[in-house]
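So you can see what is in the structure, the chains are spelled out below.
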There are 2 protein chains.
Amino acid sequence: MAQRRELMKGNADSLLLCLLGQQPMYGYQIIKELERRSQGYFKFKEGTLYPALHRLEKGGLVAGKWQRLPGGRQRRYYYISDKGHRLLAVKRSQWLDFLTAMNLIIQPAQT
Amino acid sequence: MAQRRELMKGNADSLLLCLLGQQPMYGYQIIKELERRSQGYFKFKEGTLYPALHRLEKGGLVAGKWQRLPGGRQRRYYYISDKGHRLLAVKRSQWLDFLTAMNLIIQPAQT
DNA sequence: TCGTAATACCTAGTGTTACTATGTATAATA
DNA sequence: TATTATACATAGTAACACTAGGTATTACGA
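In this report, we go over the structure that sits alongside the text. (Residues numbered from 1 in each chain as written. Chains lettered and ligands numbered in written order. Predicted model: local features only at pLDDT ≥ 70, side-chain atom pairs only at ≥ 80, totals over all residues. Heavy atoms only, no water.)

1. What about the protein's contact with DNA strand C?
Inspection of the region around DNA strand C gives 27 residues, with Tyr28(A), Glu46(A), Arg75(A), Gly47(B) and Arg73(B) positioned closest. Of everything in DNA strand C that lies within 4 Å of the protein, sugar and phosphate atoms constitute 69%. Taking His54(A), its side chain carries an N or O atom lying 3.1 Å from a phosphate oxygen of DNA strand C. Within the contact set of DNA strand C, a base oxygen lies 3.0 Å away from a side-chain nitrogen or oxygen of Lys9(B). For the surface near DNA strand C, the secondary structure elements donating two or more residues are α3 (27–37), α4 (46–58) and β3 (74–80) of chain A together with α1 (2–8) and α4 (46–58) of chain B. Of all the elements, α4(A) adds the most residues to the surface near DNA strand C, at 5 residues. For the surface near DNA strand C, the per-class residue count stands at 7 nonpolar, 8 polar and 12 charged. (Near = heavy atom within 4 Å. Polar contact = N/O pair within 3.5 Å; in protein donor to acceptor, adjacent residues only side chain to side chain. Helix = DSSP H or I, 4+ residues; strand = E, 2+ residues; numbered from the N terminus. Nonpolar A, V, L, I, M, F, W, Y, C, P; charged D, E, K, R; others polar.)

What follows is the structure, encoded as structure tokens:
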């Protein structure tokens, strides 16, 4: 199902910003949370998630902060920035525009 | 607007099959028709359309037939195949699944 | 205790695909 | 006569999700 891979394109960042817009999370948590909220549909691969997070961080849309757990394990929590919030709003409206256009073709209103 | 480019990925073929599922069309017509039906949203580039049509043809999903117009001009009409119809049904349901999952994240139900 | 699974992060390379830029050619219009 | 619209084509580019591999700790069952 390479379909899924292509459908994701351009939307991964939106999903990440959307989650982080609600609360800071770390990578592994994001993967689990996306799967849970989408009722099992989204199963982000690490090779998708971490490069995406780094991309967002480089763009100043999120900020990652290492946090040490008791026991020595490390987690990197990501916090959305103001810029990230603004981009999220843009992305959300772009998604709605796209969805509207798609529905006009894929599911034409029955007259 | 590189957003748009990425959002299109995986959906161009669905849109083409959807149009051709209703009636045979030629390339230029498809571009105009997609733009009209989407109220100006979709503006397929030739570098997107023709490779996509050839891809679909190679996959046996559509069949292209040259037709000569009075005056000597050539048009290539594309006809959807049975296989194309079946793929269209699959693609449509994949799109709906994806849309559902996206909405669960992007627009969580307000409680 | 030893292997496996879960947790937690990382990245080099691959494959797909929409698009840019460019080319050819005819018909209609200014 | 020049420009625009019609009509098709393709080589090369850029973006990005994913594969496959790596490191390391913690928990659990055999």
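2. Here's the deal with the relation of the copies chain A and chain B
In screw terms, the move from chain A to chain B is a rotation of 180° and a rise of 0.0 Å along the axis, fitting with an RMSD of 0.0 Å. Such a turn and shift between the copies fits a two-fold axis. Considering only C-alpha atoms, the residue of chain A closest to the rotation axis is Lys9(A), which sits at 3.2 Å. A high fraction, 97%, of the interface residues of chain A reappear at the interface in chain B, so the copies pair face to face through one surface. (Least-squares fit on C-alpha atoms with pLDDT ≥ 70 in both. Contact = heavy atoms within 4.5 Å.)

3. Focus on the packing of aromatic side chains
Across all of its chains, the model carries 15 aromatic pairs over all chains by this definition. For the ring pair Tyr41(A) and Phe98(B), a centre distance of 6.2 Å and an interplane angle of 55° mean the geometry is tilted. You can see Tyr41(A) sitting in the loop between α3 and α4 and its partner Phe98(B) sitting in helix α5 (residues 82–106), one on each of two chains. The interplanar angle of 80° and the centroid separation of 6.4 Å between the aromatic rings of Phe42(B) and Phe44(B) together place this pair among those described as edge-to-face. In this structure Phe44(B) comes out as buried when scored by relative accessible area, which is 9%. Aromatic rings pair up to connect Tyr41(A), Phe42(A), Phe44(A), Trp95(A), Phe98(A), Tyr41(B), Phe42(B), Phe44(B), Trp95(B) and Phe98(B) into one cluster. Geometry around Tyr79(A) places Lys65(A) over its ring, the cationic atom sitting 4.7 Å from the centre. (Phe/Tyr/Trp six-rings, centres within 6.5 Å; stacked < 30°, edge-to-face > 60°. Buried < 20%, exposed > 50% of the residue type's maximum accessible area, 1.4 Å probe, protein only. Lys NZ or Arg CZ within 6 Å of the ring centre and 35° of its normal.)

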